[in-house]
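Spelled out, the chains give:
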Amino acid sequence: MRAAFDRDQEDFAGQFRSFCEKECPPSAVRAAWTSEVGFSRERWGKLAELGVLGIGVPEELGGIGRGEVELAALLEVAGWAAVPEPVLETMAMAVPLLRECASGPGARVAREWLALIAAGEAVVTVGPEPAWASGATGSQLTTVLPGADMVLVAGSNGVVAVPSEACGIVARRALDGTRRLAEVTFDPAAATVLAGPDEALASLGKLADQAACGSAALLVGLSSRLLGMAVEHAGERRQFGRQIGSFQAVKHKLSDVALRIELARPAVWYAAWQLANQGAEASQAASVAKALAAEAATAAASASLQVHGAIGYTAEHDLHLWMKRSWALASWWGDAAHHRSRVLQSLIARTE
Amino acid sequence: MDIVAENLAVCQICSPMDFRLTPEQESFRAEARSWLRANVPSAERGTGPLPSLDTPEGFEAHRAWERRMFEERWSVVSWPRSYGGRGAGLVEWLVFEEEYWDAGGPARVGQNGIFLLGPAMMAFGTEEQRNRFLPAMASGEEIWCQGWSEPGAGSDLASIRSVARPGDPEGTWVLNGLKTWCSRGAFADWLFGLFRTDPSAERHRGLTYFLVPLDAPGITVRPIAQLDGEPGFAEVFFDEVEVPASQVLGSVGRGWEVAMATAGSERGLSLRSPGRFLAAARRLVALYEQVALCDPARAERCADAVARAWIEAEAYRLATFATAARVLDGATVGPEASLSKLAWSGADLAVHEAAIGLLGSSAELLGSDGTPDGWLGGFLFALAGPIYAGTNEIQRNVVAERVLGLPRG
Ligand SMILES: Cc1cc2nc3c(=O)[nH]c(=O)nc-3n(C[C@H](O)[C@H](O)[C@H](O)COP(=O)(O)OP(=O)(O)OC[C@H]3O[C@@H](n4cnc5c(N)ncnc54)[C@H](O)[C@@H]3O)c2cc1C
């Protein structure tokens, strides 16, 4: 029993954090908002060089061949830095899905794209098929378009790979300027089948779990940065002749956020570990993690905004970059209430 | 840290995340489970449930249960063998607790001794004191109560006014004053508490930690009924109570330090392990399923609260394993213990509030013996969680100032 990262995992996460401090400061996040596709291709290449993109790609395809535990460590850092690149879509969703498909009918295509991802040459996103989407994600939109090279469309009929140039895209802008959403249509003739309807159900279940766990890891990182900003501000800003952080109303608000984060983080580790080991509790653990992390992040956003006062209510201050990402991810691939009901269903199923 | 501990910590850090128990830990779990399943007082075997521990018969029945566990070395598994334990590690202890509460084990009447005073005595006591007190504490022969609070000193514990002055012969002490809210004080045998020995010193400095038998001349115990109507509290009056030097724990004037070590155990891992709340959360899910059969609309309305409560208990379990990993890596649990306290008291309340919601208007009914039992009794007790062991407001202050580093004041 050891509920902690090992030294290598800590070290890798530490390197990634230093990378983010240098390559992805708040000004870079802000720049991504106004960029053409919402993220930087150049930084994507650097993420590949660092080994971040290939963390879950098998070694023989140029990756590092690690699992969800390492991924969770990296995603928490990505959330902390509000990295605008589509790490959730590509690293936490497309890579595991492609890995699942790497022995199926679309093995060749799956392996090819896994290698491209590890090399930093491809951005892959995952779009739910509308009929299946509403239950699993609450949204029928796909992220990262038009910036992605390929879309994996997942639904109960199977998983297909569609090059994005073969997609019809109706772009929808979101509150978070880095989140580029789109309605997607495609010509089935342009799609490669990676998994047929028989294998699809299992893959889809796992995809939803991966999305829940991955977004939860990002949300823990986002929350801890939101809390950090609030603590810093509360130590600097003075009113009534004292630091506002010395007021108990401020202290208690931030302590509550700290507690939520401390409870969500180990839940993310457990979910990641369950996923990595194909544990019997993987789905349940992923939902526990998402339910906790989503509420930690929305609480962190509200508390941090309140502690900042009017300056936090501006688009000039960096706070909103983290808040808006938090709000979006809190409900993406299932909000807290959705995941709580999934947990209850699985607990009941277990006792039956 | 000594060299061995340091090497151990290094090995720990190199081993990967793993939520499985080792084979040894699994067999420890199996052994604990089978013993508990066979021995925990139960209605089926006609040995339980035990009467409320806040009654004279109930107290003695709980004491006998402690004795039974002690005989087979289950009462204090993490203590050294020489004091009646098994020398079990932190993870084994957490596992034991899961099994204990899952088996429906009764409340631990010796908890103030074994979970709070015991660890402090191992850290601060003399060899003689440890040999004298620990085995009797572990067996339930001597049940301890905690004498910290006073009518004028609650959250602001350092403002206590009960005093101890040097007695005759030299080295002895004479205690005067009043302690209150002593849990289980009505029937307990001994009290550990803080008394002011140097009124002129800075208020945290002049305090000393005393161990006092409740049958000593000059002591009067007045039971106080708690919310459930039973005498779960006592007020303890001290009138010229003589105490020998051997009953000072730690150094004279250093009582605050010893008390804070005890408080860390109370807030953190040892008093309220996750097993207790997980077991309650599991029972909550079972209750939900029952209600769903007879009143599906009510179950539906309560579903989110049930899920939320179960998740809180599970989150506390996982967070505790993360804390255990840090401890095994060589870290000490400091102000983070306040986060644990907020977590368990919150989870307990969430579980019991959800249960009360599921029970609807039948929740108010008393048990067959005319006392609040089952969920209602649990709910009343859960309400105390945010008050005792340092109120949750005080814990939030600690988290803000000492974990987050916000300015004092
Ligand atoms: C079930 C139960 C068992 C107990 N068992 C024992 C025992 O065995 N031995 C023992 O010695 N004591 C025991 N206590 C007492 C317990 O330690 C005290 O109740 C606790 O320390 C709070 O003190 P108080 O009740 O005097 O409340 P007060 O300190 O008067 O507090 C009242 C309210 O004011 C708030 N408050 C006070 N100071 C601050 C502050 N600085 N910032 C923000 N809010 C503040 C508190 O949070 C609380 O909400 C027990 C209490 C309960 C409920």
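Residues numbered from 1 in each chain as written. Chains lettered and ligands numbered in written order. Predicted model: local features only at pLDDT ≥ 70, side-chain atom pairs only at ≥ 80, totals over all residues. Heavy atoms only, no water.

## Section: the nonpolar core
So, step 1. Of all hydrophobic cores here, the largest spans 224 residues; its most connected members are Leu-152 and Leu-254 of chain A together with Leu-211 of chain B.
So, step 2. A per-element tally of this core places helix α8 (residues 197-236) of chain A first, with 18 residues.
So, step 3. In this structure, Leu-175, Phe-210, Val-212 and Leu-214 of chain B belong to the second largest nonpolar core, which totals 22 residues. (Core = buried A, V, L, I, M, F, W, Y, C linked by side-chain atoms within 4.5 Å. Buried < 20%, exposed > 50% of the residue type's maximum accessible area, 1.4 Å probe, protein only. Helix = DSSP H or I, 4+ residues; strand = E, 2+ residues; numbered from the N terminus.)

## Things to note about the domain arrangement of chain B
All names here are of chain B.
So, step 1. Assigned domains within chain B: domain 1 (3-17 + 264-403), domain 2 (23-139) and domain 3 (144-254).
So, step 2. Here domain 1 and domain 2 have C-alpha centroids that lie 20 Å from each other.
So, step 3. Tallying the contact residues gives 20 residues for domain 1 and twelve residues for domain 2.
So, step 4. Across the domain 1 to domain 2 interface the summed buried area is about 1400 Å²; carbon plus sulfur atoms make up 69%.
So, step 5. Seen at the junction of domain 1 and domain 2, the total is one salt bridge.
So, step 6. Asp-102 is the partner of Arg-282 in a salt bridge, and the nearest nitrogen-oxygen pair spans 2.5 Å.
So, step 7. Where domain 1 packs against domain 2, one counts three residue pairs in polar contact (both at pLDDT 80 or more).
So, step 8. For the side of domain 1 that touches domain 2, the secondary structure elements donating two or more residues are α7 (255-267), α8 (274-294) and α9 (296-328).
So, step 9. Take the side of domain 1 that touches domain 2: its biggest share by element is seven residues, from α8.
So, step 10. Its residues placed into classes, the side of domain 1 that touches domain 2 shows nine nonpolar, five polar and six charged. (Domains from an automatic or database assignment. Contact = heavy atoms within 4.5 Å. Buried area = accessible area lost by both parts, 1.4 Å probe. Salt bridge = Lys/Arg side-chain N within 4 Å of Asp/Glu carboxyl O. Polar contact = N/O pair within 3.5 Å; in protein donor to acceptor, adjacent residues only side chain to side chain. Nonpolar A, V, L, I, M, F, W, Y, C, P; charged D, E, K, R; others polar.)

## Structural notes on empty space enclosed by the protein
Where empty space is left can be seen by rolling a probe of water-molecule size over the atoms.
All names here are of chain A.
So, step 1. Enumeration according to the criterion identifies five cavities of 30 Å³ or more in this entry.
So, step 2. Of the pockets and cavities examined, the largest cavity occupies roughly 220 Å³.
So, step 3. Along the wall of the largest cavity there are 19 residues; nearest its centre are Pro-84, Glu-85, Pro-86, Glu-89 and Arg-179.
So, step 4. Taken together, the elements giving at least two residues each to the lining of the largest cavity come down to α5 (87-101), α8 and α11 (319-331).
So, step 5. The element contributing the most residues to the lining of the largest cavity is α5, with three residues.
So, step 6. Of the residues that constitute the lining of the largest cavity, the class distribution is eleven nonpolar, three polar and five charged. (1 Å grid on protein atoms, 1.4 Å probe; cavity = no way out; pocket = protein on both sides within 12 Å on 5 of 7 lines; lining within 4 Å. Points joined across faces, edges and corners; volume = space filled by probe spheres on them.)

## So, the interface of chain A and chain B
So, step 1. Contact with chain A, which involves 42 residues of that partner, is made by 46 residues of chain B.
So, step 2. Together, Met-1, Arg-2 and Trp-273 of chain A form the three largest contributors to the area buried by chain A at its contact with chain B, with a combined 21%.
So, step 3. Applying the counting criterion to the chain A and chain B interface returns five salt bridges.
So, step 4. Our enumeration of links across chain A and chain B arrives at 16 residue pairs in polar contact (both at pLDDT 80 or more).
So, step 5. Contributions of two or more residues to the side of chain A that touches chain B are made by α8, β9 (242-243), α9 (248-276), α10 (282-308) and α12 (336-351) of chain A.
So, step 6. Per-element accounting of the side of chain A that touches chain B gives the leading share, 15 residues, to α9 of chain A.
So, step 7. For the side of chain A that touches chain B, the class distribution of residues is 25 nonpolar, eight polar and nine charged.

## Thoughts on the layout of surface pockets
So, step 1. Roughly 1000 Å³ of volume is contained in the second largest pocket.
So, step 2. Along the walls of the second largest pocket sit 42 residues, with Glu-76, Glu-262, Arg-265 and Trp-269 of chain A together with Arg-326 of chain B positioned nearest its centre.
So, step 3. Among the secondary structure elements, those contributing two or more residues to the lining of the second largest pocket are α1 (7-23), α4 (68-80), α8 and α9 of chain A together with α9 and α10 (337-359) of chain B.

## Observations regarding the pattern of salt bridges
So, step 1. Here the structure, examined in full by the defined rule, presents 45 salt bridges over all chains.
So, step 2. For the salt bridge of Glu-150 of chain B with Lys-179 of chain B, the shortest nitrogen-to-oxygen distance reads 2.9 Å. You can see Glu-150 of chain B sitting in the loop between β1 (144-147) and β2 (163-166) and its partner Lys-179 of chain B sitting in strand β3 (residues 173-179), a full 29 residues away along the chain.
So, step 3. By relative accessible area, Glu-150 of chain B is classed as buried at 7%.
So, step 4. Notably, a salt bridge pairs Glu-314 of chain B with Arg-317 of chain B, separated by 3.0 Å at the nearest N-O pair. Of this pair, Glu-314 of chain B and Arg-317 of chain B are both found in helix α9, three residues apart, which corresponds to roughly one turn of the helix.
So, step 5. Judged by its relative accessible area of 15%, Arg-317 of chain B is buried.
So, step 6. Ionic contacts of the salt-bridge type, sharing partners, join the residues Arg-260, Glu-295 and Arg-340 of chain A together with Asp-304 and Arg-308 of chain B into one network.

## Some words on the site of the ligand
So, step 1. With respect to spatial proximity, 18 residues lie near the ligand, and among them Ser-155, Trp-181, Ser-183, Thr-391 and Glu-393 of chain B are the closest.
So, step 2. Looking at the residues close to the ligand, they fall on chains A and B.
So, step 3. Separating a nitrogen atom of the ligand from a backbone N or O atom of Gln-146 of chain B is a distance of 2.8 Å.
So, step 4. Between the ligand and the protein, one listed contact pairs an oxygen atom with a backbone N or O atom of Ser-149 of chain B at 2.7 Å.
So, step 5. Taking 960 Å² as the accessible area of the ligand by itself, protein coverage stands at 66%.
So, step 6. With three residues, helix α12 (residues 392-403) of chain B is the largest single contributor of residues to the shell around the ligand. (Near = heavy atom within 4 Å. Areas by Shrake-Rupley, 256 points an atom, 1.4 Å probe, with all protein chains shown as cover.)

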